[in-house]
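Single-letter residue listing:
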Amino acid sequence: MRPLCVLGAAALAAALAVSRPAFAADTDADSPRRVRTGAQILGFLGLDFALLYLSSPPAADPPGNVRLIDKLRLRAWSFDASAFATNFVAHPLAGTYFYTTARSNRSGPLESLAWASLASLTWELAEFPENVSFNDLIVTPIAGASIGESFVQLSRWLDRQPRSAGRAALATVLFPMKLVNGAPPDDETEGALTANLRMISGATLHGELQLGVQLATRLVHFPGYGAPGEGARFGFAGNVSELSLDARASRSGLTDLRFTAGAALATVYGRSIAAWRDGWDLLATGGVAYDVRQHRWDAGPLDAWSSVHVPGVSVQLRRMAGPLRISARADLALTLAGARSFALDGGPATLPTTTLTTTQQAWGYTMGWGVAAAPALEVAYGPFSLAFAGTIDTRCSLDRPDPWPDRHPTARIIDSWSSLRAGASIKLPWSDLEISASLQRSLRRGSAGALTRTAGETTALVAIGFALD
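Criteria and thresholds
- Every residue gets a number counted from 1 within its own chain, in the order that chain's sequence is written.
- A pLDDT threshold of at least 70 governs which residues receive local features in this predicted model, and a stricter bar of 80 or more applies before side-chain atom pairs are shown or counted, although totals over entire chains, interfaces and linings include all residues.
- The side-chain values count all of the structure's non-hydrogen atoms but skip hydrogen atoms and water molecules.
- Strands here mean DSSP runs of E at least two residues long; helices mean DSSP runs of H or I at least four residues long; both are numbered from the N terminus.
- The reference for a compact globule is 2.2 Å times residues^0.38; the radius of gyration itself is calculated from the C-alpha atoms.
- Here the term buried applies to any residue with accessible area under 20% of the maximum for its type, exposed to any over 50%, and partly exposed to those in between, with areas from a 1.4 Å probe on protein chains only.
- Between two residues, a contact is recorded if the distance between any of their heavy atoms is within 4.5 Å.
- Where accessible areas are quoted, they stem from the Shrake-Rupley method and a 1.4 Å probe; at the residue level, only the protein chains shown are allowed to cover.
- Neither His nor the chain ends contribute to the count of charged residues, in which Lys and Arg are positive and Asp and Glu negative.
- For this purpose, a charge sits on NZ of Lys, CZ of Arg, CG of Asp or CD of Glu.
- A pairing counts as a salt bridge when a side-chain nitrogen of Lys or Arg comes within 4 Å of a carboxyl oxygen of Asp or Glu.
- Here a cavity means grid points, on a 1 Å grid over the protein atoms only, where a 1.4 Å probe fits yet cannot get out; a pocket means an open set of points with protein on both sides within 12 Å along at least five of seven lines; lining residues are those with an atom within 4 Å of a point.
- Grid points are joined across faces, edges and corners, and a volume is the space filled by probe spheres set on the points.
- Residues are grouped as follows: nonpolar covers Ala, Val, Leu, Ile, Met, Phe, Trp, Tyr, Cys and Pro; charged covers Asp, Glu, Lys and Arg; every other residue, Gly included, is treated as polar.
- Stacked, edge-to-face and tilted are the three classes for Phe, Tyr and Trp ring pairs, Trp counted by its six-membered ring, which pair at centre distances within 6.5 Å; planes under 30 degrees apart are stacked, over 60 edge-to-face, the rest tilted.
- The span you would expect from a helix comes to 1.5 Å times its residue count less one.

Chemist: Before we go on, may I ask you to explain the overall build of the protein chain in this structure?
Modeler: When its secondary structure is counted, the protein chain shows 10 helices and 15 strands. Relative to the globule expectation of 23 Å for 469 residues, the C-alpha radius of gyration of the protein chain, 24 Å, shows essentially globular dimensions. With respect to the three principal axes, the spread of C-alpha positions in the protein chain is 70 × 65 × 40 Å. For the protein chain, buried positions account for 48% of its 469 residues. Considering only contacts in the protein chain between residues 6 or more positions apart, those separated by 24 or more positions represent 70%. Working note: accessible area of the protein chain is about 21800 Å², and carbon and sulfur atoms make up 66% of it. Of the charged side chains in the protein chain, 41 are positive and 40 negative; the average position of the first set lies 1 Å away from that of the second.

Chemist: Quick question: what am I supposed to make of the pattern of salt bridges here?
Modeler: It is possible for side chains of opposite charge to pair when their charged atoms get near one another. By the definition in use, this model includes 20 salt bridges. Notably, a salt bridge pairs D345 with R340, separated by 3.0 Å at the nearest N-O pair. Overall, the relative accessible area of 28% leaves D345 in the partly exposed class. A single network of salt bridges, built from pairs that share partners, joins R218, E242, R329 and D331.

Chemist: What is the right way to read empty space enclosed by the protein from this model?
Modeler: Remark: the empty space left among the atoms is shown by a probe the size of a water molecule rolled over them. Under the definition given, this model contains three cavities of 30 Å³ or more. Its volume calculated, the largest cavity comes out at about 70 Å³. Surrounding the largest cavity, F79, D80, T357, T358, T359, T366, M367, L398, D399, P401, D402 and P403 form its lining. If you list the elements that add at least two residues to the lining of the largest cavity, you get α10 (358-363) and β11 (365-381). Classifying every residue of the lining of the largest cavity gives five nonpolar, four polar and three charged. The volume enclosed by the second largest cavity comes to roughly 60 Å³. Contributing to the lining of the second largest cavity are W297, G300, P301, L302, D303, F342, D345 and R453. Breaking the lining of the second largest cavity down by element, the ones donating at least two residues are β9 (302-321) and α9 (342-346). Looking at the lining of the second largest cavity residue by residue, the class counts come to four nonpolar, one polar and three charged.

Chemist: I keep staring at the packing of aromatic side chains and nothing clicks. Help me out?
Modeler: On inspection of all chains with the given rule, the structure shows 16 aromatic pairs. Here the aromatic rings of F44 and Y97 are separated by 4.6 Å at their centres, their planes lie at 25°, and the arrangement is stacked. Of this pair, F44 sits in helix α2 (residues 34-54) while Y97 is found in helix α4 (residues 84-104), placing the two residues 53 residues apart along the sequence. Ring centres of F49 and W123 lie 6.5 Å apart, and the angle between their planes is 85°; this geometry places the pair in the edge-to-face category.

Chemist: Mind showing me how you'd approach α2 here?
Modeler: Since one α-helical turn is 3.6 residues long, residues separated by three or four positions face the same way. In this model, α2 (21 residues) spans 31 Å end to end at C-alpha, consistent with the 30 Å of a helix rising 1.5 Å per residue. Within the sequence span of α2, burial applies to R36, T37, G38, Q40, I41, G43, L45, A50 and L52.

Chemist: What exactly am I supposed to notice about the environment of G235 here?
Modeler: Within the secondary structure, G235 is located in strand β5 (residues 229-235). Each C-alpha atom of the pair G235 and S82 lies 38 Å from the other, and the pair is 153 residues apart in sequence. Not counting residues within four places of it along the chain, the set of residues in contact with G235 comprises F222, L265, A266 and T267.

Coordinates in, geometry out; function isn't part of it.
And the structure:
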């Protein structure tokens, strides 16, 4: 076991060392370095494969090994039996490594997504204790591209700003693979960054006081975005990317946590804007997104939900007339989600165990497919703005094929999570400071067989922080 671990570590170190020639030696600095990408990903997989020998298989997995020939003949493909944190936290982080390795080696977003997909498939074929996992083949590369492209674009935007130690350190933390391979070529197009960092205070109706933090960024990296001009242009270089983190806690512990990341793989931008900022523009994208959240309903246990959006489309229409700005946006996506059954969390003995999937029996969650939609409207006049938004996520369980060949789950489990929000804000004339207030109504609903469970929550929040637009 120990030699295997050492061998895996040596493979990764060798891949990183051998694949770092001087940039000046490249015959074409902007060409994708595919050999280097392959070597570094194989080095990572080699280390992971060595660690596989040292660790026990997931507790819910069937015993024994799975033959490669059965995987190649599509006889050993199923949803897996890993824990929620493995499938929706660890695997997205691995996908981010695969994706940013390719991006740092000059591959574009679509090719980098292909590299992450190929790396995931290679691992699934090599991972001898388990079947090829349908959900891993989707979640790992899609979540990796969503997080990775957002990090890459934000890191490049920081690098284009006036040099400072803080910006340089943050840009490196976001995109560390550029230290090994360098950053992808930059067309030096200025990005329009919208960013918010807020300290939040509030409470639910009849609930405890909550304190938290909210961080959100949206970067549109597109020539002429928001500037006077007319016409339409297309882009395929991760031209729109978004990140957000929202966390709140009370004296009882964590009450709400949500992280989202999204990136456009194809973008079209049209505009008709006069020199005095009077006109309209339209931004339409097709891309991917990743979402993971936890929430405590009615002082109960933490609920968990995570999904990848693929494909996803977004349309934003803006009208500008001097100090008046109106923005309408709508997002729609198909999703693959893993979520706790809200109904079974309230009545675990409702359905026979034999009708439940292995992940539901062992870890309390189920895979499923669904739809996510998010309309939003913002009206701003000078420093004042009003915002209205809604979201709805649905999930219908995917029962089969189960990793245990003798299990044939039949339970129909459906979940949804929706919210409506209204907010107002005012920008103060000092250092981009902003004060905001919002009122949100959230609803969680789940059904399992004949059992239905619903919970609602109204939350009022006030916040102060920085807003950059």
